[in-house]
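So you can see what is in the structure, the chains are spelled out below.
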Amino acid sequence: MCHDSTPSPQSSVDLDLSIHTAFSSLHGGPCCSAAYNTEESGGELGESQMSVQYQAVGWNRQKRIYDAVLVGGVLAYLTLFVGLGAFLYPSATAITLQIRAFGTLALVLLHVTLCIGPLCRLDRRFLPLLYNRRHLGVTMFLVALVHSVLSINQFHARGDVTPLVSLFVSNTRYGSLAQFPFQALGFTALSILFLMAATSHDFWLHNLSPCVWKRIHMMVYVAYALLVAHVVLGALQADRNVALAILLGMGLVLVAALHLLSGAKEWRIDHNLRRAEMNGFVEVCTVDDIPEKHGKVVSLADERVAVFRYDGKISAISNVCRHQNGPLGEGRIIDGCVTCPWHGYQYLPDSGTSPPPFTDKVPTYRTTLIGNRVLVHPCAHPPGTRLEPSFIGQVEIGAPQ
Ligand code: HEM
Ligand code: FES
């Protein structure tokens with residue numbers, strides 16, 4: 001039976017609406033990765049709008065919430081640390097407690113900053129944490145700066161040489177582990193954190209080039225190593241503070257473990273991508289590129305293929321409608337069926353067959369997911385061949401199906 005001869009719900013689809021919805025979603029729809037990438041430009045600007053001209057930081061609701069939590073957390077930590085410290089160690093002076101509160105808080109924030117990247121690579125649900133990571137970094141620098149200024153003022157401002165000179169000349173036992181001038185390590189780390197905070201705005205990203213910018217920001221690992229040494233050779237040797245030693249050790253293990261795990265995951269993804277490509281699969285897009293219940297048209301081996309995302313699944317069928325060659329990939333999934341934007345013919349996304357009583361069929365294509373990437377095999381299967389869809393999230397590391 002022909003679709004034209006029997007009016008049915010599937011032929012009464014509002015054509016203009018289908019076409020326009022498909023287009024606006026494909027081209028103007030929300031894309032979280034773009035939003036995360038442009039955090040300092042307000043998170044809402046497309047790449048074409050970025051320029052090397054300075055742009056003031058744009059605020060939105062998410063940013064305000066993130067920053068409010070950050071500032072609230074910082075104040076709560078400082079208050080608790082100084083309050084509890086004064087209670088537990090009545091002999092400690094207020095300035096000592098403040099130096100320690102700001103120092104340990106800066107180190108905690110540094111750990112959080114270092115963990116966010118690998119956490120997001122391991123599980124996309126952590127992505128909101130990445131959204132304002134630069135504000136976190138700048139806050140960490142400011143907290144470390146207060147700790148440094150208080151320390152220099154307390155230990156190096158009372159002599160007859162200027163404080164910064166005193167920092168480097170008052171103790172020059174660089175050959176001794178027991179009496180190493182650990183303050184110099186803190187100062188070097190602070191200089192790196194300053195460089196990172198000062199160049200964190202998108203203005204510098206575009207002016208310095210992403211490559212140089214990335215290199216500067218990779219120096220955070222040098223700063224981290226210097227700070228671990230700063231604490232181990234300084235406070236830990238002087239105080240033998242067991243709690244601080246345990247926390248520092250746990251932090252080190254956490255940072256190293258998350259980096260190793262996420263590195264292993266990336267390696268597996270690259271390895272499986274290469275393997276899938278050797279099996280003939282072609283990477284066509286990421287899952288985020290396809291809005292829910294919509295398709296993306298890709299060209300494979302001179303054929304147009306429509307890749308659909310629906311109900312946590314991905315399937316691919318020919319882009320060519322059996323009726324009058326309409327572009328199926330520009331249609332939507334309605335009632336579980338790919339619906340042609342021209343006259344409403346419908347096909348099941350996994351088998352390419354029209355729902356009964358119709359008998360039209362289009363070719364289908366095998367898909368696989370590796371991480372977040374969608375791959376399609378360019379060999380068309382005979383019209384109506386059912387192929388297992390790829391399940392988003394479940395087919396984490398895709399063995400080509
Ligand atoms: C010019 C730079 C710096 C100087 C002169 C300096 C100086 C000091 C001094 C004198 C102490 C011992 C305080 C005490 O035990 O009472 C200390 C401890 C510490 N510093 Fe620094 N520091 C600097 C930079 C940094 C930076 C950038 C960080 C972290 C981002 C940092 C984190 C710490 C931590 C976690 C401690 C241990 C706190 C404790 O005893 O509980 N320092 N620093
Ligand atoms: S329904 Fe007519 S071309 Fe697809």
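Residues numbered from 1 in each chain as written. Chains lettered and ligands numbered in written order. Predicted model: local features only at pLDDT ≥ 70, side-chain atom pairs only at ≥ 80, totals over all residues. Heavy atoms only, no water.

**A few points about the overall build of the protein**
In step 1: Counting its regular elements, the protein contains 13 helices and 11 strands.
In step 2: For the protein, the proportion of contacts with a sequence separation of at least 24, taken over those separated by at least 6, is 59%.
In step 3: Carbon and sulfur atoms make up 64% of the accessible area of the protein, which totals about 21,000 Å². (Helix = DSSP H or I, 4+ residues; strand = E, 2+ residues; numbered from the N terminus. Contact = heavy atoms within 4.5 Å. Areas by Shrake-Rupley, 256 points an atom, 1.4 Å probe, with all protein chains shown as cover.)

**A word on the nonpolar core**
In step 1: Within the largest apolar cluster, 45 residues are counted, with the highest numbers of intra-cluster contacts made by L109 and L110.
In step 2: Contributing elements (two or more residues each) for this core: α3 (61-88), α4 (94-122), α6 (133-155), α8 (182-198), α11 (220-233) and α13 (242-278).
In step 3: When residues no more than four places from it in sequence are discounted, the contact partners of L109 are V74, L136, T139, M140 and V143.
In step 4: In this structure, V284, V298, V307 and I314 belong to the second largest nonpolar core, which totals 14 residues. (Core = buried A, V, L, I, M, F, W, Y, C linked by side-chain atoms within 4.5 Å. Buried < 20%, exposed > 50% of the residue type's maximum accessible area, 1.4 Å probe, protein only.)

**Looking at the site of ligand 1**
In step 1: For ligand 1, the set of nearby residues contains 24 residues, the closest of which are R100, G103, H147, L227 and H230.
In step 2: R100 places a side-chain nitrogen or oxygen 3.2 Å from an oxygen atom of ligand 1.
In step 3: One of the side-chain N or O atoms of H147 is found 2.8 Å from a nitrogen atom in ligand 1.
In step 4: Those elements that provide at least two residues to the shell around ligand 1 are α4, α6, α8 and α11.
In step 5: The element contributing the most residues to the shell around ligand 1 is α4, with 7 residues.
In step 6: Of the residues assigned to the shell around ligand 1, the class counts are 14 nonpolar, 9 polar and 1 charged. (Near = heavy atom within 4 Å. Polar contact = N/O pair within 3.5 Å; in protein donor to acceptor, adjacent residues only side chain to side chain. Nonpolar A, V, L, I, M, F, W, Y, C, P; charged D, E, K, R; others polar.)

**Notes on the confidence of the model for the protein**
In step 1: For the protein, the average pLDDT comes to 82, and 83% of its residues sit at 70 or higher.
In step 2: Every residue in residues 1-54 is under pLDDT 50, and counting partners more than four places away or in other chains gives 99 contacts.
In step 3: Scored below 50 in pLDDT, residues 395-401 shows 31 contacts in the model against residues more than four places distant or in partner chains. (pLDDT = per-residue confidence, 0-100.)

**So, the side chain of S262**
In step 1: Looking at the secondary structure, you find S262 in helix α13.
In step 2: Residue S262 is classed as buried on the basis of its relative accessible area of 2%.
In step 3: Here H259 takes part through its backbone oxygen, which lies 3.3 Å from a polar atom of the side chain of S262.
In step 4: Setting aside anything within four residues of it in sequence, one finds S262 in contact with P118, R121 and L122.

**A closer look at the pairing of strand β3 (residues 303-310)**
In step 1: Bridge count for strand β2 (residues 294-300) against β3 is 7 bridges, and the pairing is antiparallel. Across the sheet, residue H294 finds its bridge partner in β3, namely R309.
In step 2: Taking the residues between adjacent antiparallel strands as the criterion, β2 and β3 are bridged by 2 residues, where A301 takes a positive phi near 45°.
In step 3: Looking at chain direction, β3 and strand β4 (residues 313-318) are connected through 6 bridges and run antiparallel. The partner of A306 across the bridge, within β4, is I317.
In step 4: The hairpin turn running from β3 into β4, its antiparallel successor, is 2 residues long, and D311 in that turn takes a positive phi close to 45°. (Pairing = 2+ DSSP bridges.)

**Section: the coordination of the iron atom of ligand 1**
In step 1: H147 (NE2) and H230 (NE2) make up the full set of protein donors to the iron atom of ligand 1, lying at 2.1 Å.
In step 2: Coordination at the iron atom of ligand 1 is octahedral, judged from the 6 donor atoms that bind it and the angles of 87 to 179° they form at the metal. Taken as a pair, H147 in helix α6 and H230 in helix α11 lie far apart in primary sequence, 83 residues in all. (Donors = N, O, S within 2.8 Å, 3.2 Å for Na, K, Ca; no water. Tetrahedral: all angles 85-135°; square planar, octahedral: opposite > 155°, others 65-115°.)

**A word on the packing of aromatic side chains**
When we look at a pair of aromatic rings, we describe it by the centre distance and by the angle of the planes.
In step 1: The full count for this structure, using the stated rule, is 4 aromatic pairs.
In step 2: Measuring from centroid to centroid gives 5.9 Å for Y77 and F81, while their planes differ by 25°, and the two rings are stacked. Of this pair, Y77 and F81 are both found in helix α3, 4 residues apart, which corresponds to roughly one turn of the helix.
In step 3: Summarising the aromatic geometry, the rings of F141 and F194 are spaced 5.7 Å apart at their centres and angled 50° between planes, so their arrangement reads as tilted. Residue F141 is located in helix α6, and its partner F194 is located in helix α8; the two are separated by 53 residues in the primary sequence.
In step 4: Residue classification places F141 among the buried residues on the basis of a relative accessible area of 9%. (Phe/Tyr/Trp six-rings, centres within 6.5 Å; stacked < 30°, edge-to-face > 60°.)

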